Structures are given as C-alpha cells and as structure tokens.
Amino acid sequence: MAWPSSPFDFFPSEVVAMIFELGTFSELGRLQHSPGETPFVFESCSKSNNYSYSPRFPVLVSHVSRKWRSIALNTPALWSTLFFDNASHLERGRAFLERCSPRGSGSQEFCSGYLLDIVIATVPFTRKASQSDDSISKEELEKIFNLLTPVTVRWRSLFLRVRDNTCKKVARDALGHTCGRAPNLEALQLYHFEDYNNVDELIEATIRDPVICFANDVPKLRHLSLIGVNLPWAQTPYLEGLDTLELALHPDKIRPPYEYWDRMLRRSPDLRKLILHYSGPKERWDEEGSSGPAFAWQGDDLWRSDLPSDKIILDKLELLSLTDMDAPYLTRILEHIQLPNVQRLALELSSEEDDSDYSEFLTKCCSAGMSNIESSSVRLFHGSHLSNSSISTVSTADNLVPPLLPFLPILTSLTLSALDCKPTVLRSLLVCLPELRELEVDFQRVCVGDAYPESSLAWHIFAEDEAITHWNDRDEQVVLDGLTRPYIQQGPPLLPKLQVFRILRLGGREVEGIIRNRECLVKDVRNDKTGSPTTPVFRNFDSDNIPTRQRSMYIIKYTRDMEERDPVLQKLIASGCCYRGFRLPSRGEPVCGS
C-alpha cells in the first residue's frame, strides 16, 4: 500500500475540488461582486478601469500533481469563466469550454455546474490596424461567437463591449440571429462606445433599428446593463423582474419611450439597483395628428391618458446612481417614482452652462428632509462663507411639496464624484443625513468653477465648523488649540455617525483641517438618567499625537504629483491619521489602480 505523498492526499477529492473552486472564485474580481456592488464588468463613467482576468489559480493547481490535475480537469467551475480581450485567448477559451462541457447525453439546459460566464472586450478597428497588436476586432469576434453560440443555453452571464461599428454589426448578427434562446442567462451587459470621426459615422451607428436578442427567450434575466445600446423596447417582453438596471449613454432618440420605461419599472418591484448615466425615458413623444413633438410627462395637462397617473413604487431599491443628467429632466423622472428605502446614493452631476447648476434640484430633494431634523441641530455658516438666510430658504421652501429624495434621513452611503451646486445647498444636503456611515467626495469636482468663489470651496464645509459655529458672546469658556474661547453648542456635529470618509484630490493642509475639525468636535455627553447634556468635552488633535480612537476612518485618494509634492499628506498617512486609497491618475497619465 502506497502512502500519500502529501497531507492533501488524505482529503477526499470532493473537498479538494471545493478548495479549488474557492481559489478560482477569489481571482474573478468584479465577477465576484458583493451584494453592495453591481454585477457588471464594464463601467460607463470615464474613471473606469479596464477589467482583466487571468486564470492563474486553476492553471497552477492543475500542474501540481497527477491527482490534482485529474481533480481540476473534472471540476467545471474552474474553467467556466471565458475571458476574451486578446486573440490568444481564443484557443484558451476553446480549451476551457471543452473542460467545462457536460459529458453524456443529459440536457445541457439544466446542468447548473456547467453554466458559463463570458467577458468579451474588443478594440476599435483603427487602433488595431495602426498598432498591429493581438487585440480583438472583427475577425476574432466572429470566431469567438462561432465558438460560443452553439452553447447559448449554457450562458449564465454575458459582458460584451464593442468599440466600433464593424464589431457592432458582428454582435448584432450573433445576438439577433445565431445565438437563439438563452434560458439560463441571468446577467447581460451590452456596451457600445466609440469616438465618431464625423457625423455620417454617428448617423450610421444610430439609424439602424435594434435587433431582438436571444429570440426574446431570457426567462432568468435579473441584471441588465445597456451602455450606448438600445433594444426594440416594444418587442422585448423579458424586461421585467429585474434586480439591477443600468441605462447609460443614450441620446434621446434611442431611449425607451416613457410607457415602456414605466412598464419596465412597475414589473420589477424587487429592483434593488438603478444606475442612470445620461439616459432614462425618452423626453418627447409624437402624437398622431400633432404638428410636432410634445412632452410625454410634464404636468397633468400634457400627460398621456394611456399612462398610469400614480407613482412608480420601488420600495426595494437600495442603490441609486445618477450621472450627467440635466436637472429639469432628472426632476421630472423623480417626481413620478417613489423611493422610500434607498441606502446608497451616487451623484456625478456637472453642468456645462456657467449660469446653471443643481442647487434648485438639490433644494427640492432635501427641503422636506430638513423638516425631519430639529432646528437646533442645524449649525449655520456665518461671515464670508455661508449665511443664515441662504440656508434657511432650503429648510422652508416648498414645505408642502414631497421631497424628490425622501430617503435622505436613512441614507448610509453617499458618493459625490461631481456636483455643481452652491456650498450652502451642499451643506443643507449633508445636514439631512444623520445616519450616513460612508462618504466619498472628489473635491476637485464638487462646488468648483467660476460660480463659486475660492473661499467657499466644499472642503470648508467640513474643516471650518469649529471656527465658525461654536463661538459667540456668551460666558461659557472652553480651551481648544491652546486658546480660550466662548462656546455655544448649536447641535450635534455634521454627519455624526460617519465612519469612513474617502477624500479625493485634496491637499494635505485641507485634509488635516478636515480631520482636525472632526476629531476636535464637541462630544455631546449626556447624563444617562436625565438625558440632559453635561459639560462639553473637547478632544485635542495633533498629527504627531493622534487619539487612540478616531471618530472616523479617513481614506485619501490622490495623484502621483500630490504624493511626491505634499509633505503634509505624507505625514498624515505616516502617522496613521488617514490611509492610502488607490492612486488616481495625474493629468495625461493613463487610468490605473495601485
């Protein structure tokens, strides 16, 4: 009897296979999405990184020993992710497909262990012709679809990005005619984006009618992302029962008419994530006999009689992301949707017009929310920054109008990638977020521009509370930073429950001001029996002698130039006051993470 050559040989093959599956799963990156993330691979925003997958783990374990290779080759989950962004990946995909194919005469449609996750990323034909590289373009894409279309019934997810009209034609033909039904498809992302050289190319790309995909037989679809791609909205019955919906980069001409937008959302009552990037329902509709287009959903007088008049209720929605959408258009969308339970909000809203911003829109979003916060908890700016009168209009205007975003008092996560608004309005928005735990702000794209003077930049909202809001002419005295000053507490600190603050593109001095303010703020110590406040307590802050436990975690995301030229930022990170996040690209530098 031969003794096992390795302790692992004592494990049953089934246990070893499970370990192999866990190791492979850990390499999938975005395909291994957590419940709080979207299941999609490609991002429509400009800051997105290219997704890449290299199956090092399954290849490695299959070369350790004869037994391990046998187990690996007979574990389909190790080979079920087919990633193509290079011509050499075609042969690898062919080998992986063979390894994860069911053996025997059983129906492939019900072999859950053999379902496929497919990622295809092409490059523009002009780039391939000029670089003579091995990237995927028209010819390689045709070969990939020839390999995969015979097993469409085994597709669990498809993430396809095409970058020119030539590849788009190949994809249209495959998805519309060759693939057939996809009974196991759960996630679908179709991404078409290219730089058009002239108007004729743009017209050619948008003039064709969309094709019916997968013979309209996609019963398990739960996650849908359409970026620059539209569907025949009136002939696509499977747009229902969705969990995640992303619509991005759609000119008004190819957006879904409002009636199909309305139907899609109403038939997806369990929708948990909604991402809109320069997209949404079509703005206008053509009425028979009318001389021109009319708004389909702008007031009762123009409301179509065949559309439901009550609001769309999405009470399961957890994530709402809004990017590059005009304020009036966005207002009209939200006026007809009820969102009571959103936990995470992401905004990237910048205006191209100097005299237009999102202040009025945000006022409508948080005006009623302000009434839920006691007036004593609202600490106001004074002096040259924010005035009492300017913020009071936010809390009193349109009190009888329901807020566009009624979920603000329970929001736990906010991302501000860009936001053109007055600092007063931004502060009023933050005051409405008593339960916020996570905040991310790109300070170079929030409250910036000629419309907002430099002295009122957004970081002042977080860094100057102690100098502006705590001191008056009363007799109470406290000591802070070695100075004795009169004190009055007008309410709890801004964002009292904030746990993680991600700060993008802000200098070390400003970051230190934010941390100093939040870590030195008064702790509202209350008597356990009476509930009344006791003596206010301040915490000293020094980057050389930080508190043992900070109020929040500060994560800094920065460029290479900032890292090299900002000794204050280096000192804060070295002292443990804040932590490094991924490094942002400098101007002219390709996007990459670190």
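This one's a predicted model, so the numbers in the text were calculated from it and none came from an experiment. (Residues numbered from 1 in each chain as written. Predicted model: local features only at pLDDT ≥ 70, side-chain atom pairs only at ≥ 80, totals over all residues. Heavy atoms only, no water.)

(A) Broad picture of the overall build of the protein chain. In terms of regular secondary structure, the protein chain is built from 18 helices and 20 strands. Within the span of the protein chain, comprising 594 residues, buried residues form 49% of the whole. Carbon and sulfur atoms make up 50% of the accessible area of the protein chain, which amounts to about 28,800 Å² in all. (Helix = DSSP H or I, 4+ residues; strand = E, 2+ residues; numbered from the N terminus. Buried < 20%, exposed > 50% of the residue type's maximum accessible area, 1.4 Å probe, protein only. Areas by Shrake-Rupley, 256 points an atom, 1.4 Å probe, with all protein chains shown as cover.)

(B) Spatial organisation of the side chain of serine 80. Among the structural elements, serine 80 can be located in the loop between α3 (66-73) and β1 (81-84). Within the local environment of serine 80, its side chain forms a polar contact with the backbone oxygen of alanine 77, the two atoms lying 3.3 Å apart. Residue contacts for serine 80: discarding those within four places in its chain leaves Cys100, Leu115, Leu116, Asp117 and Arg156. (Polar contact = N/O pair within 3.5 Å; in protein donor to acceptor, adjacent residues only side chain to side chain. Contact = heavy atoms within 4.5 Å.)

(C) Focus on the nonpolar core. Residues Trp155, Phe214 and Leu426 are the most contacted members of the largest nonpolar core, which totals 130 residues. Non-local contacts of leucine 426, meaning those with residues more than four positions away in its chain, are made with Leu416, Leu419, Cys421, Val446, Cys447, Ala458 and Ile461. (Core = buried A, V, L, I, M, F, W, Y, C linked by side-chain atoms within 4.5 Å.)

(D) Expanded view of helix α6 (residues 138-148). Every buried residue belonging to α6 is among Glu140, Leu141, Ile144, Phe145, Leu147 and Leu148, and all of these are buried. Across the axial projection of α6, the buried residues extend over an arc of 155°, all falling on one side. Among the exposed residues of α6, those pointing more than 90 degrees away from its buried face are Glu139 and Asn146. (Arc of directions from axis to C-beta.)

(E) Main features of the packing of aromatic side chains. Under the counting rule described, the total for this entry stands at 10 aromatic pairs. Ring centres 6.5 Å apart and planes at 75° place the aromatic pair phenylalanine 20 and phenylalanine 57 in the edge-to-face group. Of the two residues, phenylalanine 20 is situated in helix α1 (residues 13-25) and phenylalanine 57 in helix α2 (residues 56-61); the sequence distance between them amounts to 37 residues. With a centroid separation of 6.3 Å and 75° between ring planes, the pair formed by phenylalanine 42 and tyrosine 191 is classed as edge-to-face. Of the two residues, phenylalanine 42 sits in the loop between α1 and α2 while tyrosine 191 sits in strand β4 (residues 187-192), which places them 149 residues apart along the sequence. Given a relative accessible area of 5%, phenylalanine 42 falls into the buried group. (Phe/Tyr/Trp six-rings, centres within 6.5 Å; stacked < 30°, edge-to-face > 60°.)

(F) Structural context of helix α10 (residues 327-334). For α10, the tally of buried residues reaches seven of eight residues, placing the bulk of the element in the interior. All of the buried residues in α10 are Ala327, Tyr329, Leu330, Thr331, Arg332, Ile333 and Leu334.

(G) Highlighting the pairing of strand β5 (residues 223-227). Of all five residues making up β5, five are buried, and the element is well covered by its neighbours. Alternating residues of β5 divide into His223, Ser225 and Ile227 and Leu224 and Leu226, and every residue in both groups is buried. With five bridges joining them, β4 and β5 adopt parallel strand pairing. Paired with leucine 190 across the two strands is leucine 226, which belongs to β5. Bridging between β5 and strand β6 (residues 244-248) involves five bridges; their strand directions are parallel. What sits directly across from leucine 226, in β6, is leucine 247. (Pairing = 2+ DSSP bridges.)

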